[in-house]
Amino acid sequence: MAAATVALLATAVGCAPQPEESAANPTGSAGTSCAKGKLATKTSGKLTIATDEPAYEPWFKDDDPSNGKGYESAVAYAVAKQLGYDRSAVVWQSVPFNKAFAPGEKTFDFDINQVSISAERRKAVDFSSGYYDVRQAVIALKNSKAAKAKSIAALKDVKLGAQVGTTSLDYINDVVKPKQAAAVYAKNDQAKSALKNGQVDAIVTDLPTAFYITAAEVTDATIVGQFQNQGGTPEQFGLVLDKGSALTSCVSRAVDALRKDGTLAKTEQQWLSDAVDAPVLK
């Protein structure tokens, strides 16, 4: 998100085994080989990357994850390159958002789909290092009561909605705690339609998506504001892998290298730079 986002800086480029567990990979992957292009992937010599369908802007472009356009598509190919896989070796797979981090063996090597890293989700899957710091935002129609809200308390009396399984929904339930139960939708498209049709007063999404929705999809809507991060730790999107995956440490090192060399910051500037600061709801 343009001005509001800070480039992520980290260290770690090599692929030496890690003797200790990391936050992104609590199971550890000691002894894993990160030989470029020779990882123990689902299909030998290929890297299978998953995301949801449709693939939304600004994370993807033209609903085509394979074109390298949009922040997450570009990041996915940059990670693949770090791991030793060129574009011809990348295979895209469609996996619903909620299924990506549900318990059970995965059909992909990693999933990239605006999935926030959380302790609860780590019980079922591994995460890479975070590749994007994110905040949640509230969108409402410009002439609605919700659009006038200046605080979290002012949102308690309005009907809010969000996609199922998202941090956006968690913010409604755990931070706003509205008097009316939140409306829950399988897809962001359904939440947007509900907003247009007046079935909800406002919806919650991540901030870059909120800027795209109000600029290009629901132009009579406005960003009411953004939430502060809870608990002092920035909310981050991470790549999702099988629980205990042998690839987790290698993928995390690839993300860390992209932070260190400025690739993540440049990619963010290219694809998420249209956004501007939104007021913070307190």
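Up top is the structure these notes are about.
Residues numbered from 1 in each chain as written. Predicted model: local features only at pLDDT ≥ 70, side-chain atom pairs only at ≥ 80, totals over all residues. Heavy atoms only, no water.

1. Here's the deal with the overall build of the protein
Moving on, step 1. Secondary structure summary: the protein contains 8 helices and 11 strands in total.
Moving on, step 2. Burial statistics for the protein: of 282 residues in total, 54% are counted as buried.
Moving on, step 3. In the protein, once contacts between residues fewer than 6 apart in sequence are set aside, the share between residues at least 24 apart is 74%.
Moving on, step 4. Summed over all atoms, the accessible surface of the protein reaches about 12,300 Å², with 50% contributed by carbon and sulfur. (Helix = DSSP H or I, 4+ residues; strand = E, 2+ residues; numbered from the N terminus. Buried < 20%, exposed > 50% of the residue type's maximum accessible area, 1.4 Å probe, protein only. Contact = heavy atoms within 4.5 Å. Areas by Shrake-Rupley, 256 points an atom, 1.4 Å probe, with all protein chains shown as cover.)

2. Some details on empty space enclosed by the protein
Moving on, step 1. Across all of its chains, the model carries 2 cavities of 30 Å³ or more by this definition.
Moving on, step 2. For the largest cavity, the calculated volume is near 220 Å³.
Moving on, step 3. Within the lining of the largest cavity, the residues separate by chemical class into 6 nonpolar, 10 polar and 4 charged.
Moving on, step 4. In terms of lining residues, the second largest cavity is bounded by Tyr56, Glu57, Asn188, Lys192, Thr209, Tyr212, Ile213 and Glu217.
Moving on, step 5. Secondary structure elements with two or more residues in the lining of the second largest cavity: helix H5 (188-196) and helix H6 (207-217).
Moving on, step 6. In terms of residue count, the dominant contributor to the lining of the second largest cavity is H6 (4 residues). (1 Å grid on protein atoms, 1.4 Å probe; cavity = no way out; pocket = protein on both sides within 12 Å on 5 of 7 lines; lining within 4 Å. Points joined across faces, edges and corners; volume = space filled by probe spheres on them. Nonpolar A, V, L, I, M, F, W, Y, C, P; charged D, E, K, R; others polar.)

3. Some thoughts on the packing of helix H1 (residues 71-83) against helix H7 (residues 248-260)
Moving on, step 1. It is at 9 Å that the axes of H1 and H7 come closest, and there the two elements cross at 110°. By the criterion of interaxial angle, the relationship of H1 to H7 is roughly perpendicular. When the axes of H1 and H7 are compared, the crossing they make is right-handed. Here Val75, Ala78, Val79, Gln82 and Leu83 of H1 come into contact with H7, specifically with Cys250, Val251, Ala254, Val255, Ala257 and Leu258.
Moving on, step 2. Here the contact of H1 with H7 is composed, by residue class, of 10 nonpolar, 1 polar and no charged. (Axes fitted to C-alpha atoms, helices over the stretch in contact; angles between N-to-C directions. Parallel < 35°, antiparallel > 145°, perpendicular 65-115°, else oblique. Left-handed = near helix turned anticlockwise from the far one by under 90°.)

4. Some remarks on the pattern of salt bridges
Moving on, step 1. Counted under the stated rule, the structure contains 9 salt bridges.
Moving on, step 2. A salt bridge links Glu120 to Lys123; the nearest nitrogen and oxygen atoms lie 3.0 Å apart. Neither Glu120 nor Lys123 differs from the other in exposure class; each is exposed.
Moving on, step 3. The salt bridge involving Asp256 is made with Arg259; its shortest N-O contact spans 2.5 Å. Placement of both Asp256 and Arg259 in helix H7 is noted, with a separation of 3 residues, approximately one turn of the helix. In terms of burial, Asp256 and Arg259 fall into one category: buried.
Moving on, step 4. Salt bridges here are not isolated pairs; linked through shared partners, they connect Lys42, Glu105 and Asp242. (Salt bridge = Lys/Arg side-chain N within 4 Å of Asp/Glu carboxyl O.)

5. Focus on the sheet that holds strand E9 (residues 221-227)
Moving on, step 1. With mixed pairing, 6 strands are arranged side by side in an open sheet as E7-E6-E8-E5-E9-E11. On the outer flanks of this sheet lie strand E7 (183-185) and strand E11 (280-281), each paired with one strand and no other.
Moving on, step 2. Judged from the 2 bridges that link them, strand E6 (residues 160-163) and strand E8 (residues 202-206) form a sheet pairing that is parallel. Residue pairing across strands places Gly161 opposite Ile203, the latter belonging to E8.
Moving on, step 3. The sheet contacts of H5 involve strand E5 (136-141), E6, E7, E8 and E9, and relative to E8 the element is tilted by about 150°.
Moving on, step 4. The strands that H6 touches are E5, E8 and E9; relative to E8, the one it contacts most, it runs at about 125°. (Pairing = 2+ DSSP bridges.)

The values reported here are purely geometric and, on their own, carry no functional implication.
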